[in-house]
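Structural characterization, general
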Amino acid sequence: MLVGGIEAGGTKFVCAVGDALGNVQERISVPTTVPKETMEEVKAFFRKHEIKALGVGSFGPIDVDLKSQTFGTITSTPKLAWRNYPLVAELKKAFPIPIGFNTDVNIAALAEATTGAAKGLDSCLYITVGTGIGAGAVVQGKLLQGLSHPEMGHILVRRHPDDRYKGKCPYHGDCLEGLAAGPAIEERWGERGQHLHNREEVWNLEAYYMAQALMQYILILSPKKIILGGGVMKSPSVISKIQENVKELLNGYVVLPDMKEYIVPPALGDNAGVTGALILAGQAFEHQ
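In this text the structure is predicted, and so the values were computed from the model without any measurement. Residue indices begin from 1 for each chain and proceed along its sequence in written order. Totals for whole chains, interfaces and linings use every residue, but because this is a predicted model, local features are given only for residues with pLDDT of at least 70 and side-chain atom pairs only at 80 or more, for both listing and counting. Excluding hydrogens and water, the side-chain figures rest on all heavy atoms present in the structure.

A separate point is the pattern of salt bridges. Between side chains of opposite charge, a pair can form as their charged atoms come close. What makes a salt bridge here is a side-chain nitrogen of Lys or Arg within 4 Å of a carboxyl oxygen of Asp or Glu, nothing more. This model, assessed by the stated rule, comprises 12 salt bridges. For K168, the salt bridge goes to E187, with nearest N and O atoms at 3.0 Å. In this pair, K168 is assigned in the loop between β10 (142–143) and α4 (176–180) and E187 in helix α5 (residues 182–189), connecting sequence segments 19 residues apart. Residue exposure (1.4 Å probe, protein chains only): buried if accessible area is under 20% of the type maximum, exposed if over 50%, otherwise partly exposed. Owing to a relative accessible area of 39%, K168 belongs among the partly exposed residues under this scheme. By relative accessible area, which is 38% here, E187 ends up partly exposed. A salt bridge links D270 to K234; the shortest N-O distance between them is 2.9 Å. Within this pair, whereas D270 is found in the loop between β12 (263–264) and α9 (272–287), its partner K234 is found in the loop between β11 (226–229) and α7 (238–250), the two being separated by 36 residues in sequence. Here the salt bridges do not stand alone but share partners, grouping R159, D163, D174 and R188 into one network. The way it works is that DSSP assigns letters per residue, a run of H or I at least four long becomes a helix, a run of E at least two long becomes a strand, and they are numbered from the N terminus.

Below, the structure is given as structure tokens:
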């Protein structure tokens, strides 16, 4: 059975066709500009294939409540052109097939739990640190969802005593995303993170903030594996620094596996999102 998947990110839409196990047969990348332009290219790609279901993982916030009148809508996003955009409804017009819908980080968590770094476990936490910070969680084998989807990137953390940076988040200023996402790193240090790999102070500060967040997630969700993805986490030393900081913060209060085995990069690399979208499509087909 051929299914489609969309990883709808803030900078690009990755579209793929493949099977419901997440194996990709063909894929394209479309820039995230304005809905009319982006969606025309997305629809044109899928019209070439006879897909039976579609899975969509989107940047957020989004409405994931199946009983809501605005289910499938991108809601209060900072990307103004996409605010209140009915993504699933627009796709349904072109493709009257089952469509699964969730956050981009949740589908990445689903993929890593199914075929990646957390395969065989019934819980994991996937965090991406890039243009923003988002997290998705699998708990008892299911994606975590309550009143809405998790927005773990916007928790408050203690400021480093030497950090005078005001914060970048347009909603909360110095929340985790406002202090530790890619744009905050660039504005604070004057260069993008990819050009700062040799600056120890940059990654010590990044680890200081990320470790606080992970401590809170561990104490609340107790995930069996934590996976750190996104462009910022590709810096050579940052994950090891986060591991050290988390261990120090917890101070033996919680018994955890070896940090090198517990806090890890994604096994699926940059393919976690689109792989999860195909798996979500298969679930939507089975459900509907």
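Here, axes are lines fitted to C-alpha atoms. For helices the fit covers the stretch in contact, and angles between N-to-C directions go from 0 to 180 degrees. One way to put it is that helix α6 (residues 200–221) packs onto α7 with a least axis distance of 7 Å and a crossing angle of 50°. The orientation of α6 relative to α7 falls into the category oblique. For the pair α6 and α7, the sense of crossing is right-handed. Each residue gets one of three labels, nonpolar for Ala, Val, Leu, Ile, Met, Phe, Trp, Tyr, Cys and Pro, charged for Asp, Glu, Lys and Arg, and polar for the others, Gly among them. When grouped by side-chain class, the residues that make up the contact of α6 with α7 number 14 nonpolar, 3 polar and 3 charged. When an angle is under 35 degrees it counts as roughly parallel; over 145 it counts as roughly antiparallel; between 65 and 115 it counts as roughly perpendicular; any other value is oblique. In a left-handed crossing the near helix is turned counterclockwise from the far helix by less than a right angle, and in a right-handed crossing that turn is clockwise.

This paragraph deals with the side chain of H49. For H49, the location among the structural elements is in the loop between α1 (35–47) and β4 (54–58). The contact criterion used throughout is that any non-hydrogen atoms of two residues lie within 4.5 Å. Apart from residues lying up to four places away in sequence, H49 is in contact with L2, V17 and E26.

A word on the sheet that holds strand β1 (residues 3–8). Read from one edge to the other, the open sheet built from 5 strands follows the order β3-β2-β1-β4-β7, with strand pairing classed as mixed. Lying at the two open borders of the sheet, with one neighbouring strand each, are β3 (24–31) and β7 (99–103). Geometrically, the sheet is characterised by an average inter-axis angle of 15° between neighbouring strands, direction not taken into account. By the convention used here, strands pair only if DSSP detects at least 2 bridges between them. Pairing analysis gives 5 bridges linking β4 to β7, with the strands arranged parallel. Directly across from G57, in β7, lies its bridge partner N102. Where helix α2 (residues 87–94) meets the sheet, it contacts β1, β4 and β7, and its direction lies at approximately 155° from that of β7. Packing of helix α3 (residues 104–115) onto the sheet brings it into contact with β1, β4 and β7, and relative to β7 it is tilted by some 105°.

By this rule, a helix spans an expected 1.5 Å times one less than how many residues it contains. Its 12 residues place the ends of α3 17 Å apart at the C-alpha level, agreeing with the 16 Å of an ideal helix rising 1.5 Å per residue. Across the 12 residues of α3, 9 count as buried, placing the element largely inside the fold. For α3, the complete set of buried residues consists of V105, N106, I107, A108, A109, L110, A111, E112 and A113.

Turning our attention to the nonpolar core. Residues belong to a common nonpolar core when they are buried Ala, Val, Leu, Ile, Met, Phe, Trp, Tyr or Cys residues joined through side-chain atoms within 4.5 Å. Formed by 40 residues in total, the largest nonpolar core has its most connected members in I127, L176, M210 and L214. Elements that contribute at least two residues to this core include exactly β8 (124–129), β9 (133–139), α4, α5, α6, β11, α7 and α8 (259–262). By residue number, the principal contributor to this core is α6, which donates 11 residues. Dropping the residues within four chain positions of it, L214 is found in contact with I127, I226, L228, I242, V246 and I263. Membership of the second largest hydrophobic core comes to 26 residues, among which are I6, F45, I62 and Y85.

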